[in-house]
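Observations on the three-dimensional arrangement
Listed here are the chains, written in short residue letters.
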Amino acid sequence: PTTIRLLGPKFISYLQTNFGAKIYFNTLIPFEDGLIKYGVISTSDLMADLENWTTLYVSGRLHKPVNILEQDQSLPELRLGLASNLTSALHASLLGLPEKFTPEELYLQLAGLSYSGDLRMLVGEDKNKVQNIVSAQMSLFEGLYDKRLKVLFSDSLHFHNGTYTQDKSYSSKLHHLKNLPSSLTELMLGKSKSAVIEDLLLSENEVLNKSSASDGLDPKLQEVLRESISTIVQRSSTPQALK
């Protein structure tokens, strides 16, 4: 921070908004009895990431339980963006999970979205980081997502004896796909290896006439989903690590 400050505010602003995840961190800041780090990001870049997953850097951190100290009440779009980000994470995670799964498996999927493709997970980071995050905060994950699951997926997701069972029909998968952030769906269409992904471009009437040939598990869909999320994470986290 001391060195880059010498280059002036214009350079810092340019660096922040044009490279990496469009956020600049100051680290090792003395605070009370310890050290903290804080990041600065513009409202427009934050909203773009929350709604479209342009970098999955800040939005991905907000898939995990956080303590929001203060929120500007004059920005209702920020509240909506935060909610939209959590809903998108659920759609993506349910696509990546099998028909039956436990709450812990769901939370691992949610927490792991923003680490997919992050080179730091290969070098330096604890390989059990995602598991450690979830294991220590199971109740907080439940508080963050339980109500949202019941409200948004009451017809397609059921919980019994500690296990979720979800609808893996063609129409359900297409519903999840259509509710993913735009940056992700654009990448998925470019990598398309699954018929249901290509059907994102169909009209509603064409979808209604579609057969159920794509019901059940779709390994190609899950593969494209993982590759596309990894692409978003890698192209932002790698240059961000150099800032």
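Look above for the structure.
Everything in this summary refers to the structure shown in the same document. (Residues numbered from 1 in each chain as written. Predicted model: local features only at pLDDT ≥ 70, side-chain atom pairs only at ≥ 80, totals over all residues. Heavy atoms only, no water.)

The next subject is the pattern of salt bridges. Pairing between side chains of opposite charge can happen when their charged atoms approach one another. Per the stated rule, a full pass over the model turns up 1 salt bridge. In this structure, Asp 146 and Lys 150 form a salt bridge, with 3.1 Å as the shortest nitrogen-oxygen distance. One end of the pair is Asp 146 and the other is Lys 150, both in helix 8 (residues 138-152) and 4 residues apart, which spans about a single turn. (Salt bridge = Lys/Arg side-chain N within 4 Å of Asp/Glu carboxyl O. Helix = DSSP H or I, 4+ residues; strand = E, 2+ residues; numbered from the N terminus.)

Examined against the element boundaries, Ser 183 turns out to sit in helix 10 (residues 182-190). According to the relative accessible area criterion, Ser 183 is buried, its value standing at 13%. Beyond its immediate chain neighbours, meaning those up to four positions away, Ser 183 contacts Asn 52, Trp 53, Thr 54 and Ile 232. (Buried < 20%, exposed > 50% of the residue type's maximum accessible area, 1.4 Å probe, protein only. Contact = heavy atoms within 4.5 Å.)

With that out of the way, let us pick up the side chain of Asp 45. Position of Asp 45 among the secondary structure elements: in helix 3 (residues 43-52). At 4.1 Å, Lys 22 is the nearest oppositely charged side chain to Asp 45, a buried residue that forms no salt bridge. Not counting residues within four places of it along the chain, the set of residues in contact with Asp 45 comprises Thr 17 and Lys 22. (Lys, Arg positive; Asp, Glu negative; His and termini not counted.)

Not every positive phi belongs to a glycine, and Glu 32 is a case in point at roughly 50 degrees. One non-glycine residue, Trp 53, adopts positive backbone phi at about 55 degrees. Among the residues examined, Trp 53 registers a relative accessible area of 0% and is labelled buried.

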